[in-house]
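Secondary and tertiary structure notes
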Amino acid sequence: MATQTPTTPSSNAPETTAETSLPITGMTCASCVRRVEKSLTKLDGVIEAGVNLATERATVRYDPATVNPENLKAAVEKAGYGVRAIPAQPTSSPAPAPAQPDAVPAGTATLPIEGMTCASCVRRVERALTKVPGVSGATVNLATERAT
């Protein structure tokens, strides 16, 4: 989900959810990431939001009956950042069962990472992890100093 911090899903999650990825402009640090995530998660209908500083993307899972991508874009812009373009069709899926805080999908590991100071560090750690045989993907969160 580079710099991405998931929020804890609500216990009253909707039956249908959508997920979209927004290209964010103007972020320079972990504080920017937190500000965008906070702005998105304040919206009614947003179930989970994570922002990746290295790739400059926000991934948002939301209830399409309550909020839409234009609302998400407006929240990011209100926080002082830009959105390049919104994908035409979000992906919809049945709502997952409520997760426990800090729960990760099967086959996923969360590792503490120390010493990172910028998006370049994040990308370097992600590249190193994806070179490990059996690793299909890796994301690193600069703010929480964790890799998933």
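Calculation criteria
Residues numbered from 1 in each chain as written. Predicted model: local features only at pLDDT ≥ 70, side-chain atom pairs only at ≥ 80, totals over all residues. Heavy atoms only, no water. Helix = DSSP H or I, 4+ residues; strand = E, 2+ residues; numbered from the N terminus. Expected span 1.5 Å × (residues − 1). Buried < 20%, exposed > 50% of the residue type's maximum accessible area, 1.4 Å probe, protein only. Contact = heavy atoms within 4.5 Å. pLDDT = per-residue confidence, 0-100. Disulfide = S-S within 2.5 Å. Pairing = 2+ DSSP bridges. Core = buried A, V, L, I, M, F, W, Y, C linked by side-chain atoms within 4.5 Å. Domains from an automatic or database assignment. Axes fitted to C-alpha atoms, helices over the stretch in contact; angles between N-to-C directions. Parallel < 35°, antiparallel > 145°, perpendicular 65-115°, else oblique. Left-handed = near helix turned anticlockwise from the far one by under 90°. Nonpolar A, V, L, I, M, F, W, Y, C, P; charged D, E, K, R; others polar. Arc of directions from axis to C-beta. Polar contact = N/O pair within 3.5 Å; in protein donor to acceptor, adjacent residues only side chain to side chain.

**Considerations on helix α1 (residues 30–41)**
- In a regular helix each residue adds 1.5 Å, so 12 residues correspond to 16 Å; α1 covers 16 Å between its end C-alpha atoms and thus fits that length.
- By the burial criterion, the buried members of α1 are Ala 30, Cys 32, Val 33, Val 36, Glu 37, Ser 39 and Leu 40.
- For α1, the elements touching its buried residues are β1 (16–25), β2 (46–52), β3 (57–62) and α2 (69–78).

**Some remarks on the confidence of the model for the protein chain**
- The share of residues in the protein chain with pLDDT of 70 or more is 76%, and the mean pLDDT across the chain is 79.
- Confidence drops under a pLDDT of 50 for residues 1–10, and excluding neighbours within four residues, the segment shows 46 contacts in the predicted structure.

**Let's talk about the state of the cysteines**
- A full pass over the atoms with the stated rule returns 0 disulfides.
- Among the cysteines around Cys 29, which has no disulfide bond, Cys 32 carries the closest sulfur, lying 3.7 Å off.
- Cys 121 takes part in no disulfide bond, and the closest cysteine sulfur to it belongs to Cys 118, at a distance of 3.7 Å.

**Examining the pairing of β2**
- Among the 7 residues of β2, 7 are classified as buried, and the element is accordingly described as predominantly covered.
- Looking at chain direction, β2 and β3 are connected through 6 bridges and run antiparallel. The residue of β3 that forms the bridge with Val 46 is Tyr 62.
- Hairpin geometry of β2 and β3 is characterised by an intervening segment of 4 residues between the two adjacent antiparallel strands and by a positive phi of about 55 degrees at Glu 56.

**Some points on the nonpolar core**
- One finds Ile 24, Met 27, Val 36, Leu 40, Val 60, Leu 72 and Tyr 81 to be the most contacted residues of the largest nonpolar core, which totals 30 residues.
- Breaking this core down by element, the ones donating at least two residues are β1, α1, β2, β3, α2 and α3 (119–130).
- Broken down by element, this core gets its largest block of residues, 5 residues, from α1.
- Both domains that meet at this core, namely domain 1 (18–83) and domain 2 (111–147), each give it at least three residues.
- Not counting the four nearest positions on each side in its chain, Val 60 is found in contact with Ala 18, Glu 19, Thr 20, Leu 40, Val 46, Glu 48, Ala 49 and Leu 72.

**Details of the packing of α1 against α2**
- Packing of α1 against α2 leaves a shortest axis separation of 9 Å and a crossing angle of 135 degrees. The orientation of α1 relative to α2 falls into the category oblique. Once α1 is placed against α2, the crossing between them reads as right-handed. Across the interface between the two elements, Val 36, Ser 39 and Leu 40 from α1 touch Leu 72, Ala 75 and Val 76 from α2.
- Residues of the contact of α1 with α2, tallied by class, amount to 5 nonpolar, 1 polar and no charged.

**Overview of α2**
- Restricting attention to buried positions, one finds in α2 the residues Pro 69, Leu 72, Ala 75 and Val 76. Buried positions in α2, seen along its axis, are confined to an arc of 115 degrees and lie on one side of it. Seen from the open side of α2, the exposed residues pointing more than 90 degrees away from its buried face are Glu 70 and Lys 78.
- Packed against the buried residues of α2 are β1, α1, β2, β3 and β4 (82–83).
- Two or three places before Glu 70, at the start of α2, stands the capping residue Asn 68, its side-chain oxygen 2.8 Å from that residue's backbone nitrogen.
- Looking one or two places after α2, you find Gly 80, whose phi comes out positive at around 105 degrees.

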